[in-house]
Amino acid sequence: MIRRHLPFLFPLLAILLWAGNVIASRLSAHVIGPQAITFYRLLLAVAVMSLFVARPAWRDRAVIWPHLGQFFILGFLAMCLFQSLSYLAAQTSTATNMALFTALTPMLTVALSILLLKDTPTWGLAVGGVLAFAGLTFLVTGGHPAAVLRGGLHPGDALMFVAALVYALYGVLLKRWNLPVGGWQSTYMQALCALAVMFPAFLATPPALRRLTTQTMPLILYAGIMASVVLPFFWVRGVARLGPNRCAIFMYLLPIFTAAGAIVMLGEPVRAYHLIGGGIVLAGVAVAQLVKPPLARPALAAI
């Protein structure tokens, strides 16, 4: 019985590490530049992965080289743009809000799949999208949706929505291209390309915002090793054992784990509008993922 449920530990541990990464993002706000911590985490992740991925990647270079442009695009989206937006959002958003916006990624992935991959839209996506939008509006306005008309949204919340959209696009492109390399080699090549992209941005960061200190080093170590190497390992193993759809369900736990960590480590209060708005968001995402009937049945082929 225990052995049968062990595979569920892989995505569960991955989401726990992801929640820790959101907390680390909040802790990094105002102490290190977004571009700097993104560059450092990539540098550390590449250094660690090189120990066991560099040789197989070099051996398979004939397969990898024709897809270098796609690795650059994927690395830029997931490891440069998404991470930089998340660190920037952390300066004006809360860890709980950041996690809730990130939890929208599975639903946004389905929506983009309809646009780019011509997947069939479902009733779940339509109803769930309305619920999620209503919940987010309630959440980010502190329980006063009319505040939207008065410009009451935090800039960080808008940035996190863009970040979630970027990561959803990453997932759709990953599915569409279906690159002929293993998960570790794909992650390694994306990290290498992202590192090259982030280097000029790192050099353009003011020295004061890229200085390594006793305050920033633990955050970089966590982001570079636990969130960039260990987390993908757990997630890839979970997808291999359970499948992508069953693993995606675990993303709904991200706001819960993050909120718990934010209360303990950041002293962020959880108010009624967090529970109400967050609950509506998670219900909307769950409906989008679980309700599968298509919006319009395909026409019967002519006899």
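About the cut-offs
Sequence order as written defines the numbering, with residues in each chain counted from 1. Reporting of local features is limited, given that this is a predicted model, to residues whose pLDDT is at least 70; pairs of side-chain atoms are given and counted only at 80 or more, and all residues count toward the totals for whole chains, interfaces and linings. The basis for the side-chain values is all heavy atoms of the structure; hydrogens and waters are excluded. Under the DSSP-based scheme used, a helix requires at least four consecutive residues in state H or I and a strand at least two consecutive residues in state E, with every element numbered from the N terminus. Two things to know: the radius of gyration comes from C-alpha atoms, and the globule rule equals 2.2 Å times the number of residues to the power 0.38. Buried, partly exposed and exposed residues are distinguished by accessible area as a fraction of the type maximum, computed with a 1.4 Å probe on protein chains only: under 20%, between the cut-offs, and over 50%, respectively. Contact criterion: two residues are considered in contact whenever any of their non-hydrogen atoms come within 4.5 Å of each other. Counted charges follow a simple rule, with Lys and Arg positive, Asp and Glu negative, and His plus the chain ends left uncounted. Here the site of a charge means atom NZ of a Lys, CZ of an Arg, CG of an Asp or CD of a Glu. When two rings of Phe, Tyr or Trp (its six-membered ring) have centres within 6.5 Å they constitute a pair, described as stacked for plane angles under 30 degrees, edge-to-face for angles over 60, and tilted for the intermediate range. Residues form patches when they are more than 30% accessible in relative terms and have no salt bridge. Like charges link within 9 Å. Nonpolar side chains (Val, Leu, Ile, Met, Phe, Trp, Tyr) link within 5 Å. Method for areas: the Shrake-Rupley scheme with a 1.4 Å probe, in which residue coverage is limited to the protein chains shown. A side-chain nitrogen of Lys or Arg and a carboxyl oxygen of Asp or Glu constitute a salt bridge if their distance falls within 4 Å. We define a nonpolar core as any set of buried Ala, Val, Leu, Ile, Met, Phe, Trp, Tyr and Cys residues linked to one another through side-chain atoms lying within 4.5 Å. We call a pair of cysteine sulfur atoms a disulfide whenever their separation is within 2.5 Å. Whenever a helix is involved, its axis is fitted only over the stretch in contact; in every case the axis is a line through C-alpha atoms, and angles between N-to-C directions fall within 0 to 180 degrees. Rotating anticlockwise by less than a right angle from the far helix to the near helix defines a left-handed crossing, while the corresponding clockwise rotation defines a right-handed one. Throughout this entry, Asp, Glu, Lys and Arg are counted as charged residues, while Ala, Val, Leu, Ile, Met, Phe, Trp, Tyr, Cys and Pro are counted as nonpolar. The remaining residues, Gly among them, count as polar. Scored from 0 to 100, pLDDT records how confident the predictor is in each individual residue. An angle below 35 degrees is read as roughly parallel, one above 145 as roughly antiparallel, one from 65 to 115 as roughly perpendicular, and any other as oblique.

Caption draft 1: Focus on the overall build of the chain. Within the chain, the regular secondary structure consists of 14 helices and zero strands. Taken over C-alpha atoms, the radius of gyration comes to 20 Å for the chain, in line with the 19 Å a tight globule of 303 residues would show. For the chain, the C-alpha atoms occupy an extent of roughly 55 × 55 × 45 Å along the three principal directions. Here the chain holds 303 residues, and 46% of them are scored as buried. Counted over contacts in the chain with a minimum sequence separation of 6, partners at least 24 positions apart contribute 90%. Once the 19 positive and 4 negative side-chain charges of the chain are each reduced to a mean point, those two points are 6 Å apart.

Caption draft 2: A look at the packing of aromatic side chains. Counting across every chain of the model gives eleven aromatic pairs. Between Phe10 and Phe234 the ring centres are 6.3 Å apart and the planes differ by 35°, which places this aromatic pair in the tilted class. Of this pair, Phe10 sits in helix H2 (residues 9–28) while Phe234 sits in helix H11 (residues 217–242); the two residues are 224 residues apart in sequence, bridging distant segments of the chain. A relative accessible area of 17% means that Phe10 is categorised as buried.

Caption draft 3: A nonpolar patch on the surface, seen in detail. Together, Leu27, Ile263, Val264, Met265, Val270, Leu275 and Ile276 give the surface a local cluster of nonpolar side chains, amounting to about 670 Å² of exposed area. Ranked by the residues each element gives to the nonpolar patch, the list is headed by helix H13 (residues 254–266), at three residues. The residue Leu27 is located in helix H2 in this model.

Caption draft 4: How the structure looks around the pattern of salt bridges. Taken as a whole and assessed by the stated rule, the structure comprises one salt bridge. Among the salt bridges present, the one from Asp60 reaches Arg59, with a minimum N-O distance of 3.9 Å. According to the relative accessible area criterion, Asp60 is partly exposed, its value standing at 25%.

Caption draft 5: Representation of the side chain of Ser25 in the model. On the secondary structure map, Ser25 appears in helix H2. Excluding residues within four positions of it along the chain, Ser25 makes contact with Tyr87, Ala90 and Met98.

Caption draft 6: Structural detail: the nonpolar core. Ranked by internal contacts, the top residues of the largest apolar core, which has 81 residues, are Trp18, Tyr40, Leu42, Met49, Phe71, Leu104 and Tyr188. With sequence-adjacent residues up to four places away left out, Trp18 is seen in contact with Phe82, Thr102, Tyr167, Leu231, Met251 and Leu254.

Caption draft 7: Region of interest: the state of the cysteines. Using the criterion set out here, one finds zero disulfides in the structure. Among the cysteines around Cys193, which has no disulfide bond, Cys80 carries the closest sulfur, lying 9.3 Å off.

Caption draft 8: Spatial organisation of the packing of helix H3 (residues 34–59) against helix H10 (residues 183–204). In the contact formed by H3 and H10, the axes pass within 8 Å of each other and the chain directions differ by 145°. The hand of the H3/H10 crossing is left-handed. When grouped by side-chain class, the residues that make up the contact of H3 with H10 number 22 nonpolar, five polar and no charged.

Caption draft 9: Up close: the confidence of the model for the chain. With 91% of its residues at a pLDDT of 70 or more, the chain has an overall mean of 84. Confidence scores differ between elements of the chain, with helix H1 (residues 2–5) showing the lowest mean pLDDT of 64 and H3 the highest of 94. Residue range residues 299–303 is modelled with pLDDT below 50. Its contacts to residues more than four positions away, or to other chains, number zero contacts.

Caption draft 10: Geometry of the environment of Gly224. Topologically, Gly224 is positioned in helix H11. Residues Gly224 and Arg41, 183 residues apart in the sequence, show an inter-C-alpha distance of 4.0 Å. If sequence neighbours within four positions are ignored, Gly224 has contacts with Arg41, Leu44, Ala45 and Val229.

Caption draft 11: Examining the packing of helix H5 (residues 68–89) against H10 more closely. At their nearest, the axes of H5 and H10 sit 7 Å apart, and the two run at 70° to each other. What the angle tells us is that H5 and H10 run roughly perpendicular. Relative to H10, H5 is oriented so that their crossing is right-handed. Only Ser186, Thr187, Met189, Gln190, Ala191, Cys193, Ala194, Ala196, Val197 and Met198 of H10 make contact with H5, whose side of the interface consists of Leu68, Phe71, Phe72, Leu74, Gly75, Phe76, Met79, Cys80 and Ser84. When its residues are assigned to classes, the contact of H5 with H10 shows 14 nonpolar, five polar and no charged.

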